[in-house]
Amino acid sequence: MAEMLNQNFEAVILDMDGVITQTARLHAKAWKKMFDDFLQSRDGADFKPLNLDKDYNTFIDGIPRFDGVRSFLKSRNISLPEGGPDEDGQEPSVYSLGMRKNEIFLGLLKKEGVHVYEDTIQTVKKWKKEGLKIAVISSSKNAEYILDSAGVQNLFDVRVDGVISEKEGLSGKPAPDIFLEAAALLGAAPEKTIVVEDAIAGIKAGKSGGFGLVVGVARKGEASEMEDAKADIVVKQLTEIYSSNK
Ligand SMILES: O=P(O)(O)OC[C@H]1O[C@@H](O)[C@H](O)[C@@H](O)[C@@H]1O
């Protein structure tokens, strides 16, 4: 592994939820609660609940909020209106379901707080000392708030999140746009840049963007799906990567 990193990389771009902060689990919990409530009210007691391993990882994880709603509904052949901030909120729509999920997510964040993964913080500090430029990216519109709450905002030279992506018209993962934008802002060529991801959509985005190394972080042992998505290396913790970048 050290050999693979011995290639004079200039920069690292890390995903936030699940790589830097322990918030991926809260997103998953909020999505499940929102969709299970919706499916139950639509289909009654026999409803087929959202399966976190299959449905969440395949259709929702890592992608922008309303893309996640659309993608899961499509997987169940459910069609809903788009809706929007001006609707009365009574009828389910892509917008109202997405906003309901965010309400549940923010409630969980408030209750549980934001915690970081120490292996990531330690590794980022080491990379910074070695002279690598570091960016954080996230599909989430809550990224700035989460990084601030965790007190780690200053570790990163650049941030491209869900709010910025919308403003700039960037396509969501698995499109590579968010990573390419972060690399451009860092002034680093993609082939000289490492991408660190925990979601399959993010690994696919890193690969299609032509990044020099795509690292999958499989904290719960989901390594084989990451290998299938062509991650260059898969680790359980970032401290497994020991590079002097020389
Ligand atoms: O709804 P938000 O906070 O803008 O986040 C969108 C997505 O952000 C990603 O980082 C998460 O992995 C997804 O689960 C989440 O749905």
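So, how was this worked out
Counting starts from 1 at the beginning of each chain's written sequence and moves along it residue by residue. For a predicted model such as this one, the threshold for reporting local features is a pLDDT of at least 70, and the threshold for listing and counting side-chain atom pairs is 80 or more; totals across whole chains, interfaces and linings nevertheless cover every residue. To obtain the side-chain values, all non-hydrogen atoms of the structure were used and water was disregarded. UniProt positions are given in the numbering used here, feature names are shortened, and annotations may be inferred rather than shown by experiment. Note on conventions: DSSP H or I runs of at least 4 residues are helices, E runs of at least 2 residues are strands, and numbering of each starts at the N terminus. In this description the radius of gyration comes from C-alpha coordinates, and the expected globular size is given by 2.2 Å times residues to the power 0.38. Residue exposure (1.4 Å probe, protein chains only): buried if accessible area is under 20% of the type maximum, exposed if over 50%, otherwise partly exposed. Residue burial considers only the protein chains on display, and all accessible areas are found by Shrake-Rupley using a 1.4 Å probe. Asp and Glu count as negative and Lys and Arg as positive, but His and the ends of the chain are not part of the count. Charged side chains are reduced to one point each, which is NZ for Lys, CZ for Arg, CG for Asp and CD for Glu. Between any two strands, at least two bridges found by DSSP are needed for them to pair. To obtain each axis, a line is fitted to C-alpha atoms, and for helices this fit is confined to the stretch in contact; angles are then taken between N-to-C directions over 0 to 180 degrees. Two rings belonging to Phe, Tyr or Trp (six-membered ring only in the last case) form a pair when the distance between their centres is within 6.5 Å. Interplanar angles under 30 degrees mark stacking, angles over 60 mark edge-to-face geometry, and anything in between is tilted. Charge over a ring is defined by NZ of Lys or CZ of Arg lying within 6 Å of the ring centre and within 35 degrees of the ring normal. Pairs of N or O atoms within 3.5 Å make up the polar contacts considered here, provided that, within protein, one atom can donate a hydrogen while the other can accept it, and that residues adjacent in sequence are counted only when both atoms are side-chain atoms. Residue contacts follow a heavy-atom distance rule, with two residues in contact if any of their heavy atoms lie within 4.5 Å. We call a residue near a molecule or strand as soon as one heavy atom of that residue lies within 4 Å of the molecule or strand. Amino acids are sorted into nonpolar (Ala, Val, Leu, Ile, Met, Phe, Trp, Tyr, Cys and Pro), charged (Asp, Glu, Lys and Arg) and polar (every other residue, Gly among them). The split of the chain into domains comes from an automatic or database domain assignment.

An unreviewed UniProt entry annotates the protein chain as Beta-phosphoglucomutase originating from Marivirga lumbricoides. In its Cofactor (unreviewed entry) section, the UniProt entry covering the protein chain states "Mg(2+)". Taken directly from UniProt, the Catalytic activity (unreviewed entry) text for the protein chain runs: "beta-D-glucose 1-phosphate = beta-D-glucose 6-phosphate".

A. Just the overall build of the protein chain, in detail. Within the protein chain, the secondary structure is distributed over eleven helices and six strands. Compactness check: the protein chain gives a C-alpha radius of gyration of 18 Å against a globular reference of 18 Å for 246 residues, within 12% of the reference. For the protein chain, the C-alpha atoms occupy an extent of roughly 60 × 35 × 30 Å along the three principal directions. Here the protein chain holds 246 residues, and the buried ones make up 49% of them. Surface exposure of the protein chain reaches about 11,800 Å², of which carbon and sulfur atoms provide 48%. Considering the protein chain, the positive charge centre built from 32 side chains and the negative charge centre built from 39 side chains are found 3 Å apart.

B. Representation of the sheet that holds strand β6 (residues 233–235) within the structure. Taken in spatial order, the six strands line up as β3-β2-β1-β4-β5-β6 in an open sheet, and their pairing is parallel. Across the chains shown, the open sheet's two edge strands, defined by having one partner strand only, are β3 (158–160) and β6. Strand after strand, the sheet turns through a mean of 20° between neighbouring axes, direction not considered. For strand β1 (residues 11–15) and strand β2 (residues 133–137), the ladder comprises five bridges, and the chain directions are parallel. In the sheet register, I13 faces β2, and the bridge partner there is A135.

C. Local environment of the packing of aromatic side chains. Applying the stated criterion to the full structure yields four aromatic pairs. With 4.4 Å between their ring centres and 45° between their planes, F35 and F72 make a pair best called tilted. Placement of F35 in helix α2 (residues 24–43) and of F72 in helix α4 (residues 65–75) is noted, with a sequence separation of 37 residues between them. Taking the centre distance of 6.0 Å and the plane angle of 65° together, the rings of F179 and F211 count as edge-to-face. With a gap of 32 residues between them, F179 in helix α9 (residues 177–186) and F211 in the loop between α10 (200–208) and β5 (213–217) connect regions that are remote in the sequence. For F179, a relative accessible area of 0% translates into the label buried. Following the ring pairs from residue to residue traces out a cluster consisting of W31, F35 and F72. Positioned over the ring face of F105 is K101, at 4.7 Å from the centre of the ring.

D. Here's a closer look at the side chain of K173. In this structure, K173 sits in the loop between α8 (162–168) and α9. At 3.2 Å, the side chain of K173 forms a polar contact with the side chain of D15. Of the polar contacts made by the side chain of K173, one reaches the side chain of E197; its length is 2.7 Å. For K173, the residues in contact, after removing those within four places along its chain, are D15, G62, I63, P64, I137, S139, I178, F179, E197, A201, G202 and A205.

E. The arrangement of the site of the ligand in detail. Inspection of the region around the ligand gives 14 residues, with D17, Y56, S140, K141 and N142 positioned closest. R65 is positioned such that a nitrogen or oxygen atom in its side chain is 2.7 Å from an oxygen atom of the ligand. With the chains in place, 99% of the 390 Å² that the ligand exposes on its own is no longer accessible. In terms of residue class, the shell around the ligand is made up of three nonpolar, six polar and five charged. Taken domain by domain, the shell around the ligand gets at least three of its residues from each of domain 1 (2–22 + 115–240) and domain 2 (25–112).

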